Amino acid sequence: MFTNESLEVYLEIAGSVTQAELPICREQGRLGDYAVAYRIFRNKQGGGFGDPDKHPYAWAALVYVDGLPLRLNSARGDCREWSTLDRIGQWMVDNGFRYWWTRNDLEYVEAPLAAEALATIPTVDTVVGATTADVTDAESEGVPAVESGLSADVDSGPLAT
């Protein structure tokens, strides 16, 4: 199980940047195009969200400055936290991020997808393989491969000279 500190090591967060520094970084062209909303253990109490037993998690943001992932801090130097994805999503939009990633390395997923459910989804390889096999079977039976009504003859096309 992670702690907030070990999670930062796992995510390879290189440091922090304050919210007030973001416009400067964006103006200088140093701010990346996307950010990451990630799940953390709550550090702050309050905001009507104050029962840590009921709500042990919060959302934090990391942004890329000069290609390095940096945790977003408030002006006071504390990790900035949001209670819901809706709120952090609104913050991302308000601060000029058009898209972001979301990750949750802390909460256990109780019902993972069964392997059988993934086996029924056709892949590109099976669809392309089936199409290729159908064309090969049709050609071996003497049926022309082109049945669209368009001529397969190169010299008879509309651009032929």
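Residues numbered from 1 in each chain as written. Predicted model: local features only at pLDDT ≥ 70, side-chain atom pairs only at ≥ 80, totals over all residues. Heavy atoms only, no water.

1. Brief notes about the overall build of the protein
Here is step 1 of the chain: Along the protein, the regular secondary structure elements total five helices and five strands.
Here is step 2 of the chain: For the protein, the succession of helices and strands along the chain, N to C, is α-β-α-β-β-β-α-β-α-α.
Here is step 3 of the chain: Burial status across the protein gives 26% buried among its 161 residues.
Here is step 4 of the chain: Working note: accessible area of the protein is about 11,300 Å², and carbon and sulfur atoms make up 54% of it. (Helix = DSSP H or I, 4+ residues; strand = E, 2+ residues; numbered from the N terminus. Buried < 20%, exposed > 50% of the residue type's maximum accessible area, 1.4 Å probe, protein only. Areas by Shrake-Rupley, 256 points an atom, 1.4 Å probe, with all protein chains shown as cover.)

2. Details of the nonpolar core
Here is step 1 of the chain: Ranked by size, the top nonpolar core spans 17 residues in total, and within it Val63 and Met92 carry the most contacts.
Here is step 2 of the chain: Elements with a minimum of two residues in this core: helix H2 (22-27), strand E2 (31-41), strand E3 (57-65), strand E4 (68-73) and helix H3 (85-94).
Here is step 3 of the chain: Counting residues per element, this core draws most heavily on E3, which supplies four residues.
Here is step 4 of the chain: Filtering out sequence-adjacent residues up to four positions away, Met92 remains in contact with Ala35, Val36, Ala37, Ala61, Phe97 and Trp100.
Here is step 5 of the chain: Membership of the second largest hydrophobic core comes to 13 residues, among which are Leu7, Leu11, Ile13 and Leu106. (Core = buried A, V, L, I, M, F, W, Y, C linked by side-chain atoms within 4.5 Å. Contact = heavy atoms within 4.5 Å.)

3. Section: the sheet that holds strand E1 (residues 15-18)
Here is step 1 of the chain: Read across the sheet, five strands follow the order E1-E4-E3-E2-E5 without closing on themselves; strand pairing throughout is mixed. The open sheet has two edge strands with one neighbour each: E1 and strand E5 (99-103). Along the sheet, successive strands turn relative to each other by an average axial angle of 35°, direction set aside.
Here is step 2 of the chain: Both E2 and E5 contribute to a ladder of five bridges, which runs parallel. Following the sheet pairing, Ala35 is matched in E5 by Trp100. (Pairing = 2+ DSSP bridges. Axes fitted to C-alpha atoms, helices over the stretch in contact; angles between N-to-C directions.)

4. Description of the pattern of salt bridges
Any two side chains of opposite charge can pair if their charged atoms end up close together.
Here is step 1 of the chain: Counted by the stated rule, this structure contains four salt bridges.
Here is step 2 of the chain: In this structure, Arg71 and Glu8 form a salt bridge, with 2.5 Å as the shortest nitrogen-oxygen distance. Of this pair, Arg71 sits in strand E4 while Glu8 sits in helix H1 (residues 4-10), and the two are 63 residues apart along the sequence.
Here is step 3 of the chain: Look at Arg71 and you get buried, because its relative accessible area is 16%.
Here is step 4 of the chain: Taking the shortest distance from any N to any O, the salt bridge between Arg39 and Glu107 comes out at 3.1 Å. Taken as a pair, Arg39 in strand E2 and Glu107 in the loop between E5 and helix H4 (115-119) lie far apart in primary sequence, 68 residues in all.
Here is step 5 of the chain: For Arg39, a relative accessible area of 11% corresponds to the buried category. (Salt bridge = Lys/Arg side-chain N within 4 Å of Asp/Glu carboxyl O.)

5. Some thoughts on the packing of aromatic side chains
Geometry of an aromatic ring pair is reported as the spacing of the ring centres plus the angle between the planes.
Here is step 1 of the chain: A complete count under the given rule lists seven aromatic pairs for this structure.
Here is step 2 of the chain: Ring centres of Phe41 and Tyr57 lie 5.4 Å apart, and the angle between their planes is 35°; on these two criteria the pair is classed as tilted. Residue Phe41 is located in strand E2, and its partner Tyr57 is located in strand E3; the two are separated by 16 residues in the primary sequence.
Here is step 3 of the chain: Each member of the aromatic cluster is reached from another via a ring pair, and the members are Tyr34, Tyr64, Tyr99 and Trp101.
Here is step 4 of the chain: It is Arg26 that lies over the ring of Phe97; its NZ or CZ is 5.1 Å from the centre. (Phe/Tyr/Trp six-rings, centres within 6.5 Å; stacked < 30°, edge-to-face > 60°. Lys NZ or Arg CZ within 6 Å of the ring centre and 35° of its normal.)

6. Regarding the pairing of E2
Moving residue by residue along a regular strand, the side chains alternate between the two faces of the sheet.
Here is step 1 of the chain: Sheet topology note: the E2/E3 ladder contains eight bridges and is antiparallel. Counted as the bridge partner of Val36 is Leu62 from E3.

7. Thoughts on unusual backbone geometry
Here is step 1 of the chain: Of note, Glu12 is a non-glycine position whose phi angle comes to about 60°, a positive value.
Here is step 2 of the chain: Its location among the elements puts Glu12 in the loop between H1 and E1.
Here is step 3 of the chain: A positive phi is found at Asp66, a non-glycine position, where the angle reads about 55°.
Here is step 4 of the chain: Within the fold, Asp66 resides in the loop between E3 and E4.
Here is step 5 of the chain: Residue classification places Asp66 among the partly exposed positions, given a relative accessible area of 48%.

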